[in-house]
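A look at the structure
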Amino acid sequence: MFIFSHASIDPATRAARGLPEDLIRLCVGIEDATDLVDDLEAALREAGAIKYSTAENKFILARHGDDPISRAVQKLALDGEKPVPDNSEWFVSAPGKVILFGEHAVVHGVVRALHSAFNETKFGVDCSSGICRSAMLRSYQFASRWKNICILRRH
Amino acid sequence: MCVQQLAFTINSVGNALTPGDSFLLLRGIKTLAVRMDRQQANAQIVASYLHSLGFLVHYPGLPDHPGREIHQRLAEGNGAVLSFETGSKELSEKIVGGTRLWGISVSFGCVNSLISMPCVMS
């Protein structure tokens, strides 16, 4: 049975007594100091608390929300703000591939999948306006459409 | 004094060690000074490292610790426990979960290093 000390005090009292919610406590043992610092540094780096600055050639504090994932999340506007409509066309390509067996199983890490590549590169255009209009699409013909994405085939 | 009163005192004060516990305690006392020296030296290194990165670190061995003069009057060393703030509870949880050598446990005083978040765990 666990006996809680700090957690049993309500948050308001904790705040009043100056006990921050984000406090990390370290109780240091007798291991090698370099090992301890290295492990802490790895954890800080993986969590995104520090990042390597090539300009200063050392680790520095990462500003909260400064990492690429936070910036990407801000762009997605998941926190309720309306995303800015993007009317630009995105031209993408990928090698033709077919999964013959086991795609879902691969996701769960159970079995290997059998897949093969086509000797054909697929091109796609994401046009929010619904109409593909671009000078560089002249050498391609329309193959199929899925929502706003047109799959094209080279002539 | 009857047995029940004695049992109540022992249970509430916590001085009821078994012979095995007593043996371990006596053996531990012999190495206590050596262990404390090592732990305090390590804690100073870890605290200085975090302080140099720019975190707000609480450790009496750091020059900007409030009440440092009082501590130095009362104690010879700076102890083996320190804490630091990251500014974000989620970030702290990620850090605590990401360590491999620092064990996640609510305890202190042992020879293995431990990391925890007092407001969430203890």
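In what follows, the accompanying structure is described. (Residues numbered from 1 in each chain as written. Chains lettered and ligands numbered in written order. Predicted model: local features only at pLDDT ≥ 70, side-chain atom pairs only at ≥ 80, totals over all residues. Heavy atoms only, no water.)

Residues and elements named next belong to chain B. Of all the bends in helix 2 (residues 19-53), the greatest, near 55°, is centred on Thr31. Residues of helix 2 that are buried: Gly28, Arg35, Gln39, Gln40, Asn42, Ala43, Val46, Ala47, Tyr49, Leu50 and Leu53. Gly54 lies just past helix 2 and shows a positive phi near 115°. (Bend = angle between axes of the 7 residues up to and from the residue. Helix = DSSP H or I, 4+ residues; strand = E, 2+ residues; numbered from the N terminus. Buried < 20%, exposed > 50% of the residue type's maximum accessible area, 1.4 Å probe, protein only.)

Quick look at the interface of chain A and chain B now. Chain A puts 37 residues into the contact, and the matching count from chain B is 49 residues. Summed over both sides, the interface of chain A with chain B buries roughly 4,100 Å², with 63% coming from carbon and sulfur. For the chain A face of the interface with chain B, the top three residues by lost area are Ile24, Arg25 and Val28 of chain A, together amounting to 19%. Notably, a salt bridge pairs Arg100 of chain B with Glu46 of chain A, separated by 4.0 Å at the nearest N-O pair. (Contact = heavy atoms within 4.5 Å. Buried area = accessible area lost by both parts, 1.4 Å probe. Salt bridge = Lys/Arg side-chain N within 4 Å of Asp/Glu carboxyl O.)

What follows is about the packing of aromatic side chains. For the structure on display, the rule yields 2 aromatic pairs over all chains. When the centroid spacing of 5.3 Å and the interplanar angle of 80° are considered together, the rings of Tyr52 of chain A and Phe59 of chain A count as edge-to-face. Judged by its relative accessible area of 45%, Tyr52 of chain A falls in the partly exposed class. The exposure class of Phe59 of chain A is buried, given its relative accessible area of 18%. On the basis of an interplanar angle of 65° and a centroid distance of 5.2 Å, the ring pair of Phe55 of chain B and Phe84 of chain B is categorised as edge-to-face. In this pair, Phe55 of chain B is assigned in the loop between helix 2 and strand 1 (56-58) and Phe84 of chain B in strand 2 (residues 81-85), connecting sequence segments 29 residues apart. Taking relative accessible area as the criterion, Phe84 of chain B reaches 0% and is therefore assigned buried. (Phe/Tyr/Trp six-rings, centres within 6.5 Å; stacked < 30°, edge-to-face > 60°.)

This part takes up helix 2 (residues 33-47) of chain A. Since there are 3.6 residues in each turn of an α-helix, residues three or four apart along the chain are aligned in direction. Residue and element names in this part refer to chain A. Over its 15 residues, helix 2 runs 21 Å from end to end, which matches the ideal 21 Å to within 8%, given 1.5 Å per residue. Taken together, the buried positions of helix 2 are Ala33, Leu36, Val37, Asp39, Leu40, Ala42, Ala43, Leu44 and Ala47. One or two positions beyond helix 2, positive phi appears at Gly48, with a value near 90°. (Expected span 1.5 Å × (residues − 1).)

What follows deals with the packing of helix 2 of chain A against helix 4 (residues 89-98) of chain B. Where helix 2 of chain A contacts helix 4 of chain B, the two axes come as close as 8 Å, and the packing angle between them is 135°. One way to sum up the angle between helix 2 of chain A and helix 4 of chain B is to call them oblique. Considering the relative orientation of helix 2 of chain A and helix 4 of chain B, their crossing is right-handed. Every residue of helix 4 of chain B that contacts helix 2 of chain A at Ala43, Leu44, Glu46 and Ala47 of chain A is listed here: Leu91, Lys94, Ile95 and Gly98 of chain B. (Axes fitted to C-alpha atoms, helices over the stretch in contact; angles between N-to-C directions. Parallel < 35°, antiparallel > 145°, perpendicular 65-115°, else oblique. Left-handed = near helix turned anticlockwise from the far one by under 90°.)

Moving on to the side chain of Ser88 of chain B. As for its position among the elements, Ser88 of chain B is in the loop between strand 2 and helix 4. Polar side-chain contacts of Ser88 of chain B include one of 3.3 Å to the backbone nitrogen of Glu90 of chain B. (Polar contact = N/O pair within 3.5 Å; in protein donor to acceptor, adjacent residues only side chain to side chain.)

Ranked by size, the top nonpolar core spans 30 residues in total, and within it Leu26 and Leu44 of chain A together with Leu50, Phe55, Val57 and Leu82 of chain B carry the most contacts. Those elements giving two or more residues to this core turn out to be strand 1 (24-27) and helix 2 of chain A together with helix 2, strand 2 and helix 4 of chain B. Residues in contact with Leu26 of chain A, not counting those within four places in the same chain, are Leu40 of chain A together with Val46, Leu50, Ala80, Val81, Leu82, Phe84, Trp102, Leu114 and Ile115 of chain B. (Core = buried A, V, L, I, M, F, W, Y, C linked by side-chain atoms within 4.5 Å.)

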